Every structure is written in C-alpha cells, then in structure tokens.
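Here is what each chain is made of, one letter per residue.
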Amino acid sequence: HSCVVCVSPEEERRVRANDREYNEKFQYASNCIVTSKYNVITFLPVNLFEQFQEVANTYFLFLLILQLIPQISSLSWFTTIVPLVLVLSITAVKDATDDYFRHKSDNQVNNRQSQVVIHGSLQKEKWMNVRVGDIIKLENNQFVAADLLLLSSSEPHSLCYIETAELDGETNMKVRQSLSVTAELGDPNSLASFDGEVVCEPPNNKLDRFCGLLCWRDCKYPLSNHNMLLRGCVLRNTETCYGLVIFAGPDTKLMQNSGRTKFKRTSIDRLMNTLVLWIFGFMVCMGVILAVGNAVWEREVGSLFQSYLAWDLPVDNFLFSAFLSFWSYVIILNTVVPISLYVRSGILYLLINWDRKMFCPQCNTAAEARTTTLNEELGQVEYIFSDKTGTLTQNIMSFSKCSINGHAYGVLDFSSFNPLADPDFCYYDNGLLKSVKLGDLHSHEFFRLLSLCHTVMSEEKKEGELMYKAQSPDEGALVTAARNFGFVFRSRTPGTVTVTELGRPVTYTLLAILDFNNIRKRMSVIVRNPEGRIRLYCKGADTLLFERLHSSNNHLVNITTDHLNLSFIQEYAGDGLRTLALAYRDLSEEQWEEWSERHRQADRATDCREDRLADIYEHIEQDMMLLGATAIEDKLQEGVPETIAILSLANIKIWVLTGDKQETAVNIGYSCKMLTGDMTEVFIISGNTVLSVREELRVALRGDKQQQCPPPPGPPAPRPPSSTTLDSISGEFALVINGHSLAHALEADMEGEFVSTACVCRAVICCRVTPLQKALVVELIKKHKKAVTLAIGDGANDVSMIKTAHIGVGISGQEGIQAVLASDYSFSQFRFLQRLLLVHGRWSYLRMCRFLCYFFYKNFAFTMVHFWFGFFCGFSAQIALDTGYWTAINHFFVWGSVGSFFTIMLAMHSQTLFSIFPNQFHFVGSAQSTLVQPLVWLTIVLATVICIVPVLAFRFLKLDLKPQLSDTVRYTQLVRQKTRKPAGRCMGGVRCGFRRSGYAFAHQEGFGELITSGKNMRLSSLALGRRLSHQWNQQPGTSTCSQGNQPHRVRRTDRWTDDRKKKDRLSYPTGLSWNM
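Residues numbered from 1 in each chain as written. Predicted model: local features only at pLDDT ≥ 70, side-chain atom pairs only at ≥ 80, totals over all residues. Heavy atoms only, no water.

Going by the annotation in an unreviewed UniProt entry, the name recorded for the chain is Phospholipid-transporting ATPase, with Oncorhynchus kisutch given as the source organism. As its UniProt record puts it under Cofactor (unreviewed entry), the chain is described as follows: "Mg(2+)". Taken from UniProt, the Catalytic activity (unreviewed entry) comment for the chain reads in full: "ATP + H2O + phospholipidSide 1 = ADP + phosphate + phospholipidSide 2." (UniProt positions renumbered as here; feature names shortened; annotations may be inferred.)

1. Comments concerning the overall build of the chain
Counting its secondary structure elements, the chain contains 34 helices and 35 strands. By residue count, 52% of the 1076 residues in the chain fall in the buried class. Carbon and sulfur atoms make up 59% of the accessible area of the chain, which totals about 50600 Å². (Helix = DSSP H or I, 4+ residues; strand = E, 2+ residues; numbered from the N terminus. Buried < 20%, exposed > 50% of the residue type's maximum accessible area, 1.4 Å probe, protein only. Areas by Shrake-Rupley, 256 points an atom, 1.4 Å probe, with all protein chains shown as cover.)

2. Quick notes on unusual backbone geometry
Its identity as a non-glycine residue notwithstanding, Arg 217 has a phi of 55°, on the positive side. By secondary structure assignment, the location of Arg 217 is in the loop between strand 9 (212-216) and strand 10 (219-223). Although it is not a glycine, Phe 875 adopts a positive phi angle of roughly 55°. With respect to the helices and strands, Phe 875 occurs in the loop between helix 27 (832-870) and helix 28 (883-908).

3. Some words on the sheet that holds strand 6 (residues 159-163)
What the 3 strands build is an open sheet, ordered 7-6-12; its pairing is antiparallel. Only two strands of the sheet have a single partner each, and these edge strands are strand 7 (173-177) and strand 12 (234-236). Within this sheet the neighbouring strands show an average axis-to-axis angle of 45°, counted without direction. Sheet topology note: the strand 6/strand 7 ladder contains 5 bridges and is antiparallel. When the bridges of strand 7 are listed, Tyr 161 appears paired with Val 175. (Pairing = 2+ DSSP bridges. Axes fitted to C-alpha atoms, helices over the stretch in contact; angles between N-to-C directions.)

4. Description of the pattern of salt bridges
Tallying each qualifying case throughout the model produces 34 salt bridges. The salt bridge involving Arg 522 is made with Glu 621; its shortest N-O contact spans 2.8 Å. Linking Arg 522 in strand 23 (residues 522-528) with Glu 621 in the loop between helix 17 (609-620) and strand 26 (625-636), this pair joins segments that are 99 residues apart in sequence. An identical accessibility class is assigned to Arg 522 and Glu 621; each is buried. Salt-bridge contacts for Arg 694 lead to Glu 753; the nearest nitrogen and oxygen are separated by 3.5 Å. Taken together, the residues Arg 694 in helix 20 (residues 690-706) and Glu 753 in helix 23 (residues 751-759) connect sequence positions 59 residues apart. (Salt bridge = Lys/Arg side-chain N within 4 Å of Asp/Glu carboxyl O.)

5. Some words on the UniProt feature "active site" (unreviewed entry) in the chain
Following the UniProt record, the feature "active site" (unreviewed entry) maps to Asp 387 here. Counting through the fold element by element, Asp 387 comes out in the loop between strand 15 (381-386) and strand 16 (393-404). When its relative accessible area of 1% is taken as the criterion, Asp 387 is described as buried. Setting aside residues up to four positions removed in sequence, Asp 387 forms contacts with Leu 392, Leu 657, Thr 658, Lys 774, Ile 792, Gly 793, Asp 794, Asn 797, Asp 798 and Met 801. In this structure the side chain of Asp 387 is engaged in a polar contact, spanning 3.4 Å, whose partner is the side chain of Lys 774. (Contact = heavy atoms within 4.5 Å. Polar contact = N/O pair within 3.5 Å; in protein donor to acceptor, adjacent residues only side chain to side chain.)

Put into structure tokens, the structure is as follows:
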C-alpha cells in the first residue's frame, strides 16, 4: 500500500486497519487521556515546587535553615516550621483534593466500554485500551471514543447522524457519510478482512477540516471532514456504525483544543510577593542598623566586661559579633512578614458554598468554590467571556405567537381536542384553537404549511407516540406547533409526505424541495394534494419573503408587519422572539412541467450548478400569497438580560464566544440585550483574507471614532467626567466576527487592531469559533489590556477558555461535567454570576484590603518592639517576650474570647439559671421582657440617631459635592433612559430596530437533497412508498405522471383554477381549501 498526500512525509500519519503491529512502529498515542496535574510520584515535588514560587514560603524556609544554626538562633526552630508546615499542608490537601476529582473523571472516561473488531468478532475493550488502527462499533446514543473514519452504517447509503455539542456547542444534528467503497463492510467478518491504509494530515485542532487518502485494493479515495466522527460527538438516530481509529487520546481534535491546566495567581498574590520583597529589604535595613549598633556597643562598652563575660566561641572580635547579630535579628524580626495572610482565604470559600441565594432548587445544585485562592480576584473582573448554548440559553425553542390573515394570536389543554398532541407543548391564546375548530380556511392552510414545509424525520415506535428528529430546534418547534393544532406530520418517503389533518390521514406527493441556504434564508416545497392540485409552500425571513409576494398582498403585509414589530418591541420586555413569514403559490400543471424541466437541466449542469439552481428557485418563488407569520421563543436562562445589564453598569465588558452560526449568535445577542435596536452601528467582520479583515476592522474603528453620539440633552450631571471611561461604558457600537475572520485577526501583525476595535465596542460576539480560538481570544485580552478576565461555559468545548482565563466558571448544565471539573467556581444558572462578582467579589476584596492593613499594622507593631528593645539590651539579639509567653497569650485571648462569648450567651438564656435564681434573673424570654421597657427604646432611638444621621448627612453631601465615577455613571444612565426614544419607531434620519428572522438559525443546507434522493430513508419507508404508489396507479380515474422516478397522482376530471383575480385583497383563492 503506497499513497501520496499533500503533506510532507515527515508530517503525515499512516494508519493501517487491523494491523496493530504495523501501527505501533510509529508510536502513536494511546486512547488514554490525562487531565490531572499530579500522580502519586510527582505530587510531592511538583506541588512543593509550585508552593515555593510564593516568595513568603521561600523566605520562611530560609528562616528555618537559619534557626537551625545555634550560634545565631535565639528562637526555637518549631516557631517557624509549625506555621510553614501548616500552610504547605493545607494547600497541598486542597490541591490533592482537586486533582483527585480530575483523576476520578479521567478514570470514568478511560474505563468506558467500547466494542472492537478483533479476529472477526466483537470484543469489549476499555476506551484506554483502544489503539490507532482498531475498528470500533458504535450504537445509538453512544459517545465516539476516538477520531474515527466512518466505514459503514446501518442507515441507508451509510449515513449517520451525530450531535457535536461538546465540540462546538451546537445541538442540531449533523450528517456524516462513509465512502461508497466501504459501505458494504457491515459485519465483523468483512471488517476483519479490511486492510486499507489511511494517509492523512498529522494531529491538529481544526474541527472543520480533514485531509487524507484511503488506499485499498490498489485504488485511492479522497477523505474529508464529511467522513469523520470526532471524539466527543454523540451518535444520534443511527442504530449502528463502524469506524476506523485515526487519532486517539491526546491526538484527538477534542483534546487538541482542551488546553493545559494552568497555575493561576491573583493580583493580590503578585502584590504580596512584591510587598514581601520590600518588607524583606526593610527588615535587612533594620538588621544592618542593629548589627552596626552591636559592633559599636561591643567595641565601646562590651570590651569592659571581657574579663568576666567573654564572647562565646567562635566569636573573637566585635565585627564577627556584629555579623552574627545581623542574622539573629533577621530571625527575630521575621514576624514583619505576615505568613498567616497566605492562608487568609482558606475558609472564606464556605461563604460562597453556603450562599442560599446561589442555590438552584430545580437542579438541586448549590454554588461551589472549587478554589480557595481566587476569591478576592472576583471583584476585579473587567472582561467576561461567555459561551452561548447552555450558558445564556436553555436551547429550547417554543412556538410563542403567530399572525394569520391579519389576525394576531398569542395554557391550552390539547388532549381533549387532539389525542396525538405533545404533552409538553404550551400556547396561551384560546382564539387560535377556536379558529382551527371552527374550520377557518386560513388557519388550516397556515398549519398545513408548517406540517409539510420542513426536513423533519418522524419515528413512531408505538401508535400515537411520535418522535420528531429535527436538525434544528427551530424546525422542530414549528412542526410540533402544527402537530398540536391538529395537522400532524406522520411520515415521509422520498416522494410523499403523510400528515393527519384533524384526524383524517392525507398523503401528499412531494414534487420538489427548494433547500435552505444562508443566502436564500428560506426553504420551499412543491407538493401535489390527493385531488391533483399543485402548490408551492414557502417559509423564511420576512424581509426577503415580503419582496416576493403578489401585489394584492400589500394591505395584509402592512398588518403583518405591525404584528412583527409588536413582537420585536415586546422582545425587549423579555420575550426574545424570532420571526418567520409563511406564504404559498398555486401552480398550474403547465407551470410545474416547465419549471421542472428547467430544474432538471440546472441540477445536471457541470459548471455553476449552485448559481443555476438559485436562479431557478428564485424564478418559482415569486407572486406568492401571504399566509401569516410566526414568532418562536429561544428561551434564555432565567435572569440573563437583567444580569448582563447590571454587569454592564459595573463597567464589565461581556463577550460571547460561540461555535454557532452568525444568525443564531446575533439573535441571542438581541434577546439578552447585549445588542439593542437603538445602537448606532453593528459591525460585521466576515472577510476571508488578511487584507479584507484588516480593512473591515479599520472601517469599524473609523466608524467608532466618527459616529460617536453626543451625550443626551437634559439637566447637567453633578460633575461630568472628563475621561473616556464613560464613553466605553455607554458606547453604542457592537462587533460581530466569525471564525474564519477571527483566525486572521488573531495573527501577530493584526491582533493589535482587533483589540483596539473590539474594546471600544459595547458588545462583541465571536461566532463559529473553535475551542482553541476561544482560549486565544482570552489570552489576547490578558496580553494587551492587562485586565482580569473571567470565562464561563458549560461544555467540553469551553474547557480551554476556562483554563486560560484568570477565573473559570463552569455551568453544571446538560453537556456533562467537563467544564465544572476544569473550573474554579461552578453553579447552575448564569444569573448567579451577578452575585458571585458584585457581592462575594466585593466582600472578598474588601476583607482582603482590611486584612492587609490589619496584619501589616499588627506585625510592624510587634516587630518594632523588638527593634526598639535592641537599643536597651546592648544589641544582643535578645527577645523582648518569651516565645511561649506570647504564643500562650495569643491563643488565650483568641480562643478564650470566642469561648467566653458563647458561654455567657448560652448561660444567660438557659433554663438552669432561671430555676436557681427566679427572682433575680428573668433570663428566659429576656428579649421580650426587655422590649417592654421604655428606657430600652429610648436608648435604641438615641443610638440610631447619633450613629446614622451624621453618616447619612456626610454621604449625601459627598455625593452632591464630590461624586464618584459610579455615581456619575448611574445618573447618566437614568438620563439616557428618560430621553431614549421608544424602540420600534423610526424617526427621520435615525436607524430604527429591525426584525430578525428566526428560521433555521442552526439549519444546514443539503437536507432537502437527502430527503428527495431517499438516502436517509429506511428500507421500510421506501417499500411503503412503492406500495402506496402502486395502489394509486391501480385506482380508476387516475393516471401517473412522472418527475424523475416519483409517481404523481392527478385526477382527469378536476383541474385547479387560479382565482387570484379576485378584488378582495384580504381574501384567498377558492382553492385554499384542499381537504375540507
């Protein structure tokens, strides 16, 4: 087997199937993953090395060594070793506990079972024992164990469906297909004889790219990403498939994007290291002064006592005595460095763990501080980098509102009306249900469109138990809505769609699917009803669909537009709706035949096929009749818009980094109020080359500088700020950049321009980014802005970003626990981030500031006593207080005061004292007895007035005379809210908010072709379609007309006439009623 690929021989990977001996020559990595930092052997040396990076720990180790020298030590060695060992032990236990959970997670993953083809049979192997070149069998809903080349599948045409939430955050299904040459290898015996060799690119972190060749039977077959199943994906809607392991363990793309576990330090830690160095220098100066004093004293005074008080050996002169005295004072004055500060937050994390306001009763999950060293850093966060799916959103779409024939609609009980209803579906307007029950033709046609115009697959395991498999949540929500209103999509074949309309089964012939793409932003189907009438149904972005309507729809378009604008305005009250317009067109048999022939020619074209098809689609999607519009709610997590608004007021910039499409990310930006309709400009960076990206960034930066809006009119602030800080808080610009453009923007010669442009924008959204790009963006801000960063996410694709940021927060959501295990803090809802930063962050920082002041005051006061005492003891390095004495006093007053407080409180309120002295001590119920005394109330009032009134007066005067920046920002925000124009109304020359189509934000092009070709149909469905076709052909009074291989039923006695010439523009053709 010999192959040649586009990479150089020294950088290529060769994998031969079922040949471990051959593959082991290359020493490829095993499938065992390790995310932990330590093992049993390396824990002690590595952990001690990390801890002794703290200057104070190194300093006290140095002191301990000095104290072991008897000639200079006046203190016992245990006075230093006890606190040092205590500090090191507490930190080591914490680090060992954190790493234990990482080991536990690794073992859980590495010990998962997989089925490997060995000698023609399937044998169970742990994931950690899987090797490159093995062939693995996967079953439905199983995780992919390694990066696999798909060889065969149980689905037709060797298709399989995967979910990639842990890789890119998207929960919609994606399609993968094996090579046709390996599709026949569907059983272990044939797979055991497969000896093909794959030559491909080396391991890399590109999730959307794979380049290689399969060499088998003296032929070469190109491989692409469409043939690969990546580790972290989940197999969906596919019974079984087989794959060849190409990359394993750390070489997989998931692990290549996961990043390394980093040792995180806070700004306080770095400040403490600097302070310790300065304090050490100050202590050296004191030691030098005392040593000089010792030399002078020994020369002038000490020499008079040499006859009966000689120097101890080996001291023989006053200079050597001064030298030893210097080191003795270094030991005595060591208390000027507060070692206790390094265990300052060892128990403060409990305040976060015990916070009931950060407890989620629905998930039964409390907040958890997984680190004890970053608490004070929480209050200094300036940039938040957030994932979208599962972090900001619940990834749940629901049919919320609709407009039908100029009427706006929008918890019903569907079970009594429709036994096939989905029990989880909710709708809040009885008027629409009544309209359907009363037989309104427009309502019926509205839901008929939703039940026919889609690419959803249906599975009915039991009678009445339908399960829809939609490639996007939007699509599933629309079909589910039609289902609950009585138009139930039941099944499909390549040429038919079967629905149940108000209890009556109806089968439509599917003539064509005009597939969705990002340019068209719509999809259409052309169907023939049982009576032989042909109709085109279309749904898509309202702004594009309205341009293709018949002129008789103008009045209805205006009414529907008002309804859509209403949904847009209400979105800012928290609805977050995605709008979608629906329309149809009647086609005559001649129109259909003519268009079908042109479509066949365009489909067979060898050059510019996509452009030709787009022109054909555009031709038929004209002169349509408007049915109405829908509004789908992409449910945010509770409190997300309010949390983002409050964090923005705190001058914290929030960036969204997501793997979703640009339309999805922008729409969520509007829903959570990161983007608003009254923004001056939203810059879209979508260039594919370095030059185009640089030019777009420069245009955006010039737009920021030239279009900066002046402050709103109104009464002047108490003291307007002169800095540009306020402009950055209240900027009216946003930046949206996709993954391809971001790859260029992150290059060394352009990263400065990208940071400059992004940091002056109020909101930044990066879409279609890989996990590694998320980490690079965080690292870029850390490098250029020197700001404290926080990353928050819920999936494995967020782990690299969480590890890179100063503070990592994991959401314990539905995408596993990888993000939680890699995080420093974890909770279940994004809204808890507000309390973590603004409450616990502020408290922790204030505690630390006061701790620093107190400890330095205490230690300096205690140390200066010994410095001053040196002038009275002949600079002999004697201690002022015995070590045991001051240690005993310290412990006595600390623990004694706490014990005395609780003892007195318990005794004063005990039943025992009351029973012994009932007349003297009315301590039981003493609180109630006290409150009836007028003197007590007078004391409370006087104390309140004396303590609070001066403070309040001082605060108000300070706010009025010398306001802080936060006060000015708050005042400016209030002024802008009062003067801000209402959303949704266009003023002359001012850009108003625009509606956003919610159709197929996670949709992918190509599903229509799969359906019409029958590649994704099971054999049972194909057989059913052939039987139905045969039955129709046998019925009298019908004939079969053919479009390709698809039978079409047409009645000879009935033709569908076009009634569009009716004068009433709000009415529809009589042909609107098909099956009533």
